[in-house]
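Here is how the chains run, residue by residue.
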Amino acid sequence: MAWFLRLPWWVQVLSVWAVGRAYSAFFVVTMAAHQGPNPWSPETPSYLEYINGWDAGWFQEILKSGYPEVLPRDAQGTLVNNTWAFLPGYPYLVRAVMALTGGSWLVVAPAVSMISSAIFFLMAYRLFRQRAEHETTIAALLLITFSTAAPVLQFPYSESTTLVLLTGWLLLMSRGRYLWAALLLPVIALFRPLSAPLACATVIIVVTTALAHRRGGQPLRWTTLASMAVAAVTSIACVGLWPGIVAWRTGIPNAYLLTEATWQQGKHLSVLALFFGSFERYFGADGILVALIALALIAWAMLSAPTLRLGLVSWAWVGATLGYLALIAPFDTTTIRLGLFAFPLALAAMWASPSRAYRTLLIVMAAASQILWFTYAWYWSGKGYPTP
């Protein structure tokens, strides 16, 4: 291990990234060899055919046909799943690369994701090194590269590209570059629906920072306060950016919310309803109690010393993300994938103990969970279950 730590930092980071992507690819190929008929690829598909499923298929549909002017309905007049639920940033980025290279979606889309994931690891290293030593940072990146939902980092999904933008935002906010961070917010808003937790985190960061300086007898200059205000206002405005575009294009004010509801059988549920409902589905009458315990564990983790060590910016972002998921999403395989956006928790997990045995066990457990998640979430049996 000592020889590895003597290599240039970027070689170490890219090695960690490459090992993780090879590990995921191995299990994808293995699973594909046993895959029967399914909705998106032939029987025993190739690697590229197999990863082009679920959300990737919706992104490809956007690239081919764009978005419908009229919300689609079935014969009974019920609104059905449609592309308005998926944001345009990723497929349009892939379209631009396809135009430049002449490549096909099947090749270019995963290539964009793969390259973006490498950039994300390099940027995450820079973010973590602001607060942690090199060896702990590398260990945290190992945990991310083998994490449960890490396979999607190389799939035609928008996770990798969004993580690049998100890490850029975290770096800028942590360095006090509020105006530059504000410029990234509308871009992120067109890649993934993360504007609500971003707005929450931004407000927490700017208010806490301003108050801390004032109480410390070192009030911020008006130019800094103005840039912080711009960041906060922009973050709040971006919450309505994509829903506003969908409303404008379809002529229906709540078209985006109606579309999102089609993934929950058309139900408009109150906050926490999906979260509690999923636990009731898993645990029956004890589901509510288990859900409350889960929320208590999240609160405990957020207030624990390792998580607080992340610093205000990463801590606020992680808290906003976990809180947002609990408020609006069920706990299922998709939520595990969305948990990738709380990636600074990997550093907190490594801070929980300096023991090399503990850190190794954590990484091994993550690698094992990846196999279980991918087997359950991606392998198509025709019985129906939550999408990955």
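As shown above, the structure is provided for reference.
First things first, this report covers the structure right here in the doc. What you are looking at is a predicted structure, and each value in this text was computed from that prediction instead of being measured.

Here is what the cut-offs are and how they apply
- Residues numbered from 1 in each chain as written.
- Predicted model: local features only at pLDDT ≥ 70, side-chain atom pairs only at ≥ 80, totals over all residues.
- Heavy atoms only, no water.
- Disulfide = S-S within 2.5 Å.
- Buried < 20%, exposed > 50% of the residue type's maximum accessible area, 1.4 Å probe, protein only.
- Salt bridge = Lys/Arg side-chain N within 4 Å of Asp/Glu carboxyl O.
- Helix = DSSP H or I, 4+ residues; strand = E, 2+ residues; numbered from the N terminus.
- Axes fitted to C-alpha atoms, helices over the stretch in contact; angles between N-to-C directions.
- Left-handed = near helix turned anticlockwise from the far one by under 90°.
- Contact = heavy atoms within 4.5 Å.
- Phe/Tyr/Trp six-rings, centres within 6.5 Å; stacked < 30°, edge-to-face > 60°.

**A few points about the state of the cysteines**
- By the definition in use, this model includes 0 disulfides.
- The cysteine C200 is free of any disulfide, with C238 supplying the nearest cysteine sulfur at 15 Å.
- Given a relative accessible area of 37%, C200 falls into the partly exposed group.

**Some details on the pattern of salt bridges**
- For the structure on display, the rule yields 5 salt bridges.
- Between R192 and E159 there is a salt bridge; the shortest N-O distance is 3.7 Å. Here R192, found in the loop between α9 (178–189) and α10 (195–215), pairs with E159, found in helix α8 (residues 159–174); they are 33 residues apart in sequence, far enough to count as distant. Summarising the burial analysis for this pair, R192 and E159 share the class buried.
- We classify E159 as buried; its relative accessible area is 0%.
- In the salt-bridge network here, residues are joined through shared partners; they are D55, E159, R192 and R337.

**Considerations on the packing of helix α5 (residues 89–101) against helix α6 (residues 105–129)**
- Axis separation between α5 and α6 bottoms out at 9 Å; the angle between their running directions is 115 degrees. Regarding α5 and α6, the two cross each other, and that crossing is right-handed. In this structure, α5 uses Y90, P91, L93, V94, V97, M98 and T101 to contact α6, whose residues at the interface are W105, V108, A109, P110, V112 and S113.

**Re the packing of aromatic side chains**
- Scanning the entire structure with this criterion turns up 25 aromatic pairs.
- Seen from their ring centres, W3 and F4 are 5.9 Å apart, and the 85 degrees between their planes marks the pair as edge-to-face.
- The exposure class assigned to W3 is exposed, which follows from its relative accessible area of 56%.
- Overall, F4 belongs to the buried group, its relative accessible area being 13%.

By themselves, these observations are geometric and do not establish any function.
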